[in-house]
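Topology and contacts: notes
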Amino acid sequence: GVRPYVGAGLNYTRFSSVDFDPAVVALLQPTIDKNSFGLALQAGVDIPMGGGWLINVDVKKVQIRTDVSSFGAKAGTFKVDPWLVGVGVG
């Protein structure tokens, strides 16, 4: 039957493309740390559809943080903690 699950783990995010407004670049010379590690929590359910197929629905909460610098000195932390919702077929 239906198989619910929960999980916890580590999230790794690599910022591959960050564009600052040219005026901000000219004034502040901002940079960010390209790597972020944080917690990840997940809950979901696998629903059998027959014939070896299933539908998966899940929700995740992840922590994403990176340091922001200006002229080489840390200016602050950029924080994004999104909720991710997924639906899949397996």
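Up top is the structure these notes are about.
A brief look at the structure comes next. (Residues numbered from 1 in each chain as written. Predicted model: local features only at pLDDT ≥ 70, side-chain atom pairs only at ≥ 80, totals over all residues. Heavy atoms only, no water.)

What follows concerns the packing of aromatic side chains. Enumeration over the complete set of coordinates arrives at one aromatic pair. Residues Tyr12 and Phe37 carry aromatic rings whose centres are separated by 5.0 Å and whose planes lie at 45° to one another, so their mutual orientation is tilted. One end of the pair, Tyr12, is in strand 1 (residues 3-14); the other, Phe37, is in strand 3 (residues 35-50), and 25 residues separate them in sequence. (Phe/Tyr/Trp six-rings, centres within 6.5 Å; stacked < 30°, edge-to-face > 60°. Helix = DSSP H or I, 4+ residues; strand = E, 2+ residues; numbered from the N terminus.)

Further remarks concern the sheet that holds strand 5 (residues 64-70). Spatial ordering of the open sheet is given by 2-5-6, a layout of three strands whose pairing is antiparallel. Only two strands of the sheet have a single neighbouring strand rather than two, namely strand 2 (30-32) and strand 6 (73-80). Strand after strand, the sheet turns through a mean of 30° between neighbouring axes, direction not considered. As defined by bridge partners, strand 2 adjoins strand 5 across three bridges and the pair is classed as antiparallel. Its bridge partner being in strand 5, Ile32 is matched across the sheet by Val68. (Pairing = 2+ DSSP bridges. Axes fitted to C-alpha atoms, helices over the stretch in contact; angles between N-to-C directions.)

This brings us to the pattern of salt bridges. Within this structure, the stated rule accounts for four salt bridges. The closest approach of N and O atoms between Lys60 and Asp58, which form a salt bridge, is 2.8 Å. As a salt-bridge pair, Lys74 and Asp67 come within 3.4 Å of each other at their nearest N and O atoms. When its relative accessible area of 32% is taken as the criterion, Asp67 is described as partly exposed. (Salt bridge = Lys/Arg side-chain N within 4 Å of Asp/Glu carboxyl O. Buried < 20%, exposed > 50% of the residue type's maximum accessible area, 1.4 Å probe, protein only.)

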